[in-house]
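A closer look at the structure
Take a look at the letters that make up each chain.
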Amino acid sequence: MGIKLGYAPTRRSIFSAPDAIKYRNLTADRLRELGVDFVDITDINSEGLLYDEDDRLKIVEKFRAEKVDGLLLAHCNFGTEYECARLAKDLNVPVLLWGPLDERPDENGVRLRDTQCGLFATGKVLRRFQVPFTYLTNCRLSDPVFERGVRDFLAVCNVVKTFRNIRILQMGPRPYDFWSTMANEGELLEKFNIQLAPVPLPEVTKEVKRCIAEDDGVSETIKYCRDHMEIKVTDEQLKNVAGLACAMEHLIKKYHCNAGAIQCWNALQDELGIMPCAANSLLNEKGIPIVCETDIHGAITTLLVEAAANDGTRSFFADWTIRHPDIENGELLQHCGPWPISVDKDKPCLTYPLAFDHPGAITAEAKHGDITLARFDGDNGEYSLLLGNAKGVDGPTCMGTYLWVEVENIKRLEAKIVEGPYIHHCTGIHKDVVPVLYEACKYMGIKPDLYDPIEEDVKAYLWGE
């Protein structure tokens, strides 16, 4: 989704106004170069700067009308800290605090801007207002760290925007045996405004049959499967896979949801004769996360991880399963076959899964490379986001969608998952989004939980090292 910043450059009267105007314009130009969608305040006053309360009230109104997703408080000289804090408090969006590096004092010892000093002041006042904020180090507009910091902040805004607008289509209750995927619907709504749209499985199967009977997207989906997969199921079974994919997509739209969680066995097989894994894969490839075993927390995780990537990179929903037989810190990530085909190493096969007698699962090894693994979860009223890195490695051939990974310390990770509040499910993505998710947690009101001792490294990255 597109992210729009409210650009509120600020100054203080006792420092150079001309230099503040110069840097507000230079910063706006740099944002345009980077392709950032932002709302400026040049129509609010002749300087296009925030320093006056009457103007601030107009800026609030404008930014709200434009529905900005984040706020850039660019300190073009020292800045007016209380106006920045009031604006940030009223908008309740992620805040990026930054200022351009100060010049050398002139031959008479005069300093024009004292930007760094103003950043110190605003940081303190934002804390007094209890406004969380992201700090981008005091740097030049041309420094690589500026571009990196802005792009990471846009991704943070995307995560927060996604988190604040989650609605999940719950297709059936959790499978009876899966007490681990239990979720507290009322608490998710009360704490985070995460909403569920529960529908019974008969409503899903009815929509499948309608889609097939009316060919509502089914033929097109079948063609896509034949073009991109090796098909090892019958024509009738493939039609049911396509019908289920179309039905779920229609129900997602009908109930205005952005993800789904399905009771993937066993009642569904009695009705349709297939596993839903390949249908899940088709929607996951479209950027509509569908997770297994009615795992609501898994759907939340997947939305957050893909929002953190902020570039269309697809994620994969996996089980932690077994240790690698040869690599000490290796682990198998696997599921029956719901992963999007863009993560596959080779052409996927539409076939039977590992543990079930019904067809409709995909078998494919995922691409190797650097991975982020994450899991949003909670119990007893507390929620956190498990975060860390891994890399894909070689290992034995498996059924389903799978990837062998290596982590820094599997025993430490294993203990973290067992001791909770996490379960055997996680979401992976072929991109390092750990810093973005870590930073987004402060705005979402959940605890970041790094499974490796890398917190200081993540912080150093975020503040520009």
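Below is a summary of the structure that appears in this document. Being a predicted model, the structure only gives us computed values, none of them experimental.

All right, on to the overall build of the chain then. A count of helices and strands for the chain gives 15 helices and 19 strands. Its C-alpha atoms give the chain a radius of gyration of 25 Å, near enough to 23 Å, the size a compact globule of 465 residues would have. Its C-alpha atoms put the chain at 85 × 50 × 45 Å along the principal axes. Taking all 465 residues of the chain together, the buried fraction comes to 59%. As presented, the chain carries roughly 19600 Å² of accessible surface, and 49% of it is formed by carbon and sulfur atoms.

Let us look at the environment of Lys347. With respect to the helices and strands, Lys347 occurs in the loop between strand S12 (330-335) and strand S13 (349-351). Distance from Lys347 to Ala364, taken between C-alpha atoms, is 7.2 Å for residues 17 residues apart in sequence.

Below, the discussion takes up the environment of Ala247. One can find Ala247 in helix H9 (residues 235-254). As a C-alpha pair, Ala247 and Thr397 span 150 residues in sequence and 33 Å in three-dimensional space. Every residue in contact with Ala247, bar those within four places of it in the chain, is listed here: Val204, Glu207, Val208 and Cys211.

Tracing the backbone shows Asp319 in strand S11 (residues 315-323). Classification of Asp319 by relative accessible area gives buried; the value is 14%. For the pair Asp319 and His425, spaced 106 residues apart in the sequence, the C-alpha separation amounts to 4.6 Å. When near neighbours in sequence (up to four residues on either side) are disregarded, Asp319 contacts Leu332, Leu333, Gln334, His335, His424 and His425.

So, about the pairing of strand S4 (residues 95-98). In S4, alternate side chains face the same way, and those of Val95 and Leu97 on one face and Leu96 and Trp98 on the other are all buried. Two strands pair when backbone bridges link them, and strand S3 (residues 70-74) and S4 are joined in this way by 4 bridges, in the parallel orientation. Directly across from Ala74, in S4, lies its bridge partner Trp98. Following the chain from S3 across helix H3 (residues 81-91) to the adjacent parallel S4, one finds a crossover that is right-handed. Relative to strand S5 (residues 134-135), S4 runs parallel, the two sharing 2 bridges.

Below, the discussion takes up a nonpolar patch on the surface. On the surface, a cluster of nonpolar side chains totalling about 420 Å² of accessible area is made up of Tyr176, Trp179 and Met182. Note that Met182 resides in the loop between strand S6 (167-171) and helix H6 (185-192).

Let us now look at the pattern of salt bridges. Inspection of the entire model under this criterion finds 37 salt bridges. We note a salt bridge from Arg12 to Glu81, for which the minimum N-O separation is 2.2 Å. One end of the pair, Arg12, is in the loop between strand S1 (4-7) and helix H1 (17-33); the other, Glu81, is in helix H3, with 69 residues separating them in the sequence. With relative accessibility at 23%, the residue Arg12 sits in the partly exposed group. Of the charged contacts, one joins Glu439 and Lys442 as a salt bridge, the two residues approaching to 2.8 Å between their closest N and O atoms. Taken as a pair, Glu439 and Lys442 lie in helix H14 (residues 434-444) at a separation of 3 residues, close to a single helical turn. According to the relative accessible area criterion, Lys442 is partly exposed, its value standing at 39%. A cluster of three or more residues bridged by salt bridges with shared partners is formed by Glu53, Arg56, Glu83, Arg86 and Asp90.

The next thing to look at is the sheet that holds S6. In any sheet, the strands associate via hydrogen bonds between backbone groups, in a parallel or an antiparallel arrangement. Within the open sheet, the 4 strands sit side by side as S7-S6-S9-S10. Their pairing is parallel. In this open sheet, the two edge strands, each paired with only one partner strand, are strand S7 (195-199) and strand S10 (290-291). As defined by bridge partners, S6 adjoins S7 across 5 bridges and the pair is classed as parallel. Among the inter-strand pairings, Arg167 is bridged to a residue of S7, identified as Gln195.

Closest axis-to-axis distance for the H3/helix H4 (residues 115-128) pair is 9 Å, and the angle between their directions is 40°. Comparing their axes, H4 and H3 come out oblique. At the point where H3 passes H4, the crossing takes the right-handed sense. Where H3 abuts H4, its residues Glu81, Tyr82, Cys84, Ala85 and Ala88 lie against Ala121, Thr122, Val125 and Leu126.

Moving on, we get to the packing of aromatic side chains. Describing an aromatic ring pair means giving the distance of the ring centres and the angle of the ring planes. One pass over the full model with this rule turns up 10 aromatic pairs. Relative to Tyr383, the ring of Phe192 lies with its centre 5.3 Å away and its plane at 90°, an arrangement referred to as edge-to-face. Here Phe192 is found in helix H6, whereas its partner Tyr383 is found in strand S16 (residues 382-393), with 191 residues between them in sequence. Pair check on accessibility: Phe192 and Tyr383 agree, each one buried.

To continue, consider the packing of H14 against helix H15 (residues 455-462). Interaxial distance between H14 and H15 falls to 10 Å at its minimum, and their mutual angle equals 90°. The angle between H14 and H15 falls in the class roughly perpendicular. The residues of H15 that touch H14, namely those facing Val434, Pro435, Tyr438 and Glu439, are Glu455, Val458, Lys459, Tyr461 and Leu462. Of the residues assigned to the contact of H14 with H15, the class counts are 6 nonpolar, no polar and 3 charged.

As a further point, take helix H2 (residues 53-66). An α-helix turns once every 3.6 residues. As a result, residues three or four positions apart point the same way. Counted at 1.5 Å a residue, the expected span for H2 with its 14 residues is 20 Å, and the 20 Å between its end C-alpha atoms agrees. Within the span of H2, buried status applies to Asp55, Arg56, Ile59, Val60 and Phe63. Axial view of H2: buried residues confined to an arc of 145°, hence all on one face. Among the exposed residues of H2, those oriented more than 90 degrees off its buried face are Asp54, Glu61, Arg64 and Ala65. Buried residues along H2 sit in contact with S1, strand S2 (37-39), S3 and H3. Of the residues flanking the start of H2, the one acting as N-cap is Asp52, its side-chain oxygen 3.0 Å from the backbone nitrogen of Asp54. Following H2 by one or two positions, Lys67 has its phi on the positive side, about 55°.

Procedures and definitions
- Residues numbered from 1 in each chain as written.
- Predicted model: local features only at pLDDT ≥ 70, side-chain atom pairs only at ≥ 80, totals over all residues.
- Heavy atoms only, no water.
- Helix = DSSP H or I, 4+ residues; strand = E, 2+ residues; numbered from the N terminus.
- Rg over C-alpha atoms; globule rule 2.2 N^0.38 Å.
- Buried < 20%, exposed > 50% of the residue type's maximum accessible area, 1.4 Å probe, protein only.
- Areas by Shrake-Rupley, 256 points an atom, 1.4 Å probe, with all protein chains shown as cover.
- Contact = heavy atoms within 4.5 Å.
- Pairing = 2+ DSSP bridges.
- Right-handed = clockwise from strand over helix to strand, strands pointing away.
- Patch = residues over 30% accessible without salt bridge, like charges linked within 9 Å, V, L, I, M, F, W, Y side chains within 5 Å.
- Salt bridge = Lys/Arg side-chain N within 4 Å of Asp/Glu carboxyl O.
- Axes fitted to C-alpha atoms, helices over the stretch in contact; angles between N-to-C directions.
- Parallel < 35°, antiparallel > 145°, perpendicular 65-115°, else oblique.
- Left-handed = near helix turned anticlockwise from the far one by under 90°.
- Phe/Tyr/Trp six-rings, centres within 6.5 Å; stacked < 30°, edge-to-face > 60°.
- Nonpolar A, V, L, I, M, F, W, Y, C, P; charged D, E, K, R; others polar.
- Expected span 1.5 Å × (residues − 1).
- Arc of directions from axis to C-beta.
- Polar contact = N/O pair within 3.5 Å; in protein donor to acceptor, adjacent residues only side chain to side chain.

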